[in-house]
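Geometric and topological summary
Spelled out, the chains give:
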Amino acid sequence: MTFDAVMRDLKAGQFKPFYLLHGEESYYIDRITDYIAEHALREEERDFNQTIVFGSDVTTAQVTDLARRYPMMAERQVVIVKEAQNLKNWDQLEAYLEKPQPTTVLVIAYKNGKVDGRKKIASLAAQVGVVFESKKKRDYELAGFITSYLQAKNCTIDNKATLMIAEHIGADLNRMSSELDKLMITLGEDRRVTPDIVEQQIGVSKDYNGFELRNAIANRDILKANKIVNYFDKNPKSGGPFLLVPMLFGFFQNLLLAYYAPDRNNENEVARWLELKGGGWSAREYVTAMRHFSGTKVMQIIDKIRETDAKMKGLDNPNTPSGELMRELIAFIFH
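Residues numbered from 1 in each chain as written. Predicted model: local features only at pLDDT ≥ 70, side-chain atom pairs only at ≥ 80, totals over all residues. Heavy atoms only, no water.

With that settled, the discussion passes to the packing of aromatic side chains. Tallied over the entire structure, the rule returns 11 aromatic pairs. An aromatic cluster of three or more residues is present, and its members are Phe-3, Tyr-27, Tyr-28, Phe-132, Phe-145 and Tyr-149. When the ring centre of Phe-293 is taken as origin, the NZ or CZ atom of Arg-220, which lies over that ring, is 5.3 Å away. (Phe/Tyr/Trp six-rings, centres within 6.5 Å; stacked < 30°, edge-to-face > 60°. Lys NZ or Arg CZ within 6 Å of the ring centre and 35° of its normal.)

Structure (structure tokens):
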């Protein structure tokens, strides 16, 4: 099931006897777990009917014993196992799922990995309850997450501000949501997040960031590109040149794919081809860059980025500073 489907059922008051929540992204696991903890029972019912334990503190046998209890003066009881990846002897949980207690909502929150789909527990869980895999967001999905998160709270955001936040924070959705919540506190009556607000509140320069570097490269503005690289080199708080390498790799990797788009001169078509969530504007730089770089040159640049990344990590590089390596990379891209 998708996150939206799980939440839709929960908000409709449809609580299943069992939830197996697993995956690499803890944000969605926490959201579902917290909603069940806050809404499956009335506040006055929780003292006797809600139990929250951690996988490192209990055995699977103790979890199943808790789950088999009957609720006290309530329709159901809730048992939540956090950090369930630390549980041992999953076969005992499988035995419980063959005949689960219908008045219990048992939540298994398994983080930082997936339960092996070949195990019996996965099929049993799907038969009696909900199995939800929380996947890490890919880089190109972050802009859509930011926009949707703010829209749900009656806020809007500029396209440039969206990319500034996505590149600065990355795919840590818990940190991302926390930063967005802080931003919303500072908004005025128009409830709009602008690059200026991002610069002031998160500390990302609106002029010197990955978004602007991509723009400079796409438009073959070598002066602007070098200014941005020098800024990152001289300002360690920006993340340094190391922050730029994965961004550049992702950009040129997408650019190589863009050459195979059915209509590579159409921004909307390229955006669909690359599965970019922002529509035509999100593909604008790729369309522009295809006019300035050949497919062969893009493949050479990707190889050079890999080489630069390796040298920054100390491979075959005794003493060249990371800033100098980045300037060499920029020179290679433009020449």
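After presenting the structure, the write-up continues.
Turning next to the environment of Leu-66. By secondary structure assignment, the location of Leu-66 is in helix 4 (residues 60-68). For Leu-66, a relative accessible area of 18% translates into the label buried. Residues Leu-66 and Glu-285, spaced 219 residues apart in sequence, show a C-alpha to C-alpha distance of 56 Å. Setting aside its immediate chain neighbours within four residues, Leu-66 contacts Thr-51, Val-53, Gln-77 and Val-79. (Helix = DSSP H or I, 4+ residues; strand = E, 2+ residues; numbered from the N terminus. Buried < 20%, exposed > 50% of the residue type's maximum accessible area, 1.4 Å probe, protein only. Contact = heavy atoms within 4.5 Å.)

On to the pattern of salt bridges. What the rule picks out here adds up to 21 salt bridges. Here Glu-25 and Lys-136 are joined by a salt bridge, their closest N and O atoms 3.7 Å apart. Taken as a pair, Glu-25 in the loop between strand 1 (18-23) and helix 2 (26-39) and Lys-136 in the loop between strand 5 (130-134) and helix 7 (142-151) lie far apart in primary sequence, 111 residues in all. Overall, the relative accessible area of 1% leaves Glu-25 in the buried class. Residue Lys-136 is classed as partly exposed on the basis of its relative accessible area, which comes to 44%. Salt-bridge contacts for Arg-327 lead to Asp-233; the nearest nitrogen and oxygen are separated by 3.4 Å. (Salt bridge = Lys/Arg side-chain N within 4 Å of Asp/Glu carboxyl O.)

Okay, empty space enclosed by the protein next. Taken as a whole, this structure holds one cavity of 30 Å³ or more when the rule is applied. In this structure, the largest cavity spans a volume of roughly 30 Å³. Mapped by element, the contributors of at least two residues to the lining of the largest cavity are helix 16 (295-312) and helix 17 (322-334). When grouped by side-chain class, the residues that make up the lining of the largest cavity number one nonpolar, one polar and four charged. (1 Å grid on protein atoms, 1.4 Å probe; cavity = no way out; pocket = protein on both sides within 12 Å on 5 of 7 lines; lining within 4 Å. Points joined across faces, edges and corners; volume = space filled by probe spheres on them. Nonpolar A, V, L, I, M, F, W, Y, C, P; charged D, E, K, R; others polar.)

Turning our attention to a nonpolar patch on the surface. Judged by side-chain polarity, Phe-48, Met-72 and Met-73 come together as a nonpolar surface patch covering roughly 410 Å² of accessible area. Mapped onto the fold, Phe-48 is located in helix 3 (residues 46-49). (Patch = residues over 30% accessible without salt bridge, like charges linked within 9 Å, V, L, I, M, F, W, Y side chains within 5 Å. Areas by Shrake-Rupley, 256 points an atom, 1.4 Å probe, with all protein chains shown as cover.)

Below, the discussion takes up unusual backbone geometry. Unlike most non-glycine residues, Glu-83 shows phi in positive territory, near 50 degrees. Inspection of the secondary structure assignment puts Glu-83 in the loop between strand 3 (77-82) and helix 5 (90-97).

Further remarks concern the sheet that holds strand 4 (residues 104-111). Strand order in the open sheet made by the five strands is 2-3-4-1-5, with parallel pairing throughout. Every interior strand has two partners, whereas the edge strands, strand 2 (50-54) and strand 5, have only one. On average, each strand axis in the sheet is tilted by 10 degrees relative to the strand beside it, whichever way the strands run. Two elements, strand 2 and strand 3, share five bridges in a ladder whose sense is parallel. Directly across from Thr-51, in strand 3, lies its bridge partner Val-79. Along the sheet, helix 6 (residues 120-128) makes contact with strand 1 and strand 5, crossing strand 5 at roughly 120 degrees. (Pairing = 2+ DSSP bridges. Axes fitted to C-alpha atoms, helices over the stretch in contact; angles between N-to-C directions.)

Its boundaries defined by the atoms lining it, the largest pocket holds a volume of some 1000 Å³. Looking at the largest pocket, it is lined by 44 residues, and the ones nearest its centre are Asp-139, Leu-163, Glu-167, Arg-214 and Met-247. Mapped onto the lining of the largest pocket, the elements with two or more residues apiece are helix 7, helix 8 (159-169), helix 11 (210-218), helix 12 (222-234), helix 13 (244-258) and helix 15 (280-292). Within the lining of the largest pocket, the residues separate by chemical class into 21 nonpolar, 15 polar and eight charged. What the second largest pocket holds in volume is close to 700 Å³. Taken together, 24 residues make up the lining of the second largest pocket; nearest its centre are Phe-3, Asp-4, Tyr-28, Lys-137 and Phe-145. Listed by contribution, the elements that provide at least two residues to the lining of the second largest pocket are helix 1 (3-11), helix 2, strand 5 and helix 7. When grouped by side-chain class, the residues that make up the lining of the second largest pocket number nine nonpolar, four polar and 11 charged.

Residues Val-130, Phe-132 and Ser-134 of strand 5 are buried on one face, while the alternating residues Val-131 and Glu-133, pointing to the opposite face, are not. Looking at chain direction, strand 1 and strand 5 are connected through four bridges and run parallel. Counterpart to Tyr-19 in the pairing with strand 5 is Val-130.

Right, let's talk about the nonpolar core for a bit. Formed by 46 residues in total, the largest nonpolar core has its most connected members in Leu-10, Tyr-19, Ile-32, Ile-36 and Ile-165. Sort the elements by how many residues they give to this core and helix 2 lands first, with seven residues. Residue contacts for Ile-165: discarding those within four places in its chain leaves Ile-146, Ile-157, Gly-170, Met-176, Leu-180, Leu-183, Val-198 and Ile-202. Residues Ala-218, Ala-289, Met-312 and Ile-330 belong to the second largest nonpolar core, which totals 39 residues. (Core = buried A, V, L, I, M, F, W, Y, C linked by side-chain atoms within 4.5 Å.)

A few words on helix 4. When we look at burial in helix 4, the residues that qualify are Thr-60, Val-63, Thr-64, Leu-66 and Ala-67. The buried residues of helix 4 occupy an angular sector of 155 degrees when projected down its axis, which confines them to one face. Looking at the packing, one finds that the buried side of helix 4 touches strand 2, strand 3, helix 5 and strand 4. (Arc of directions from axis to C-beta.)

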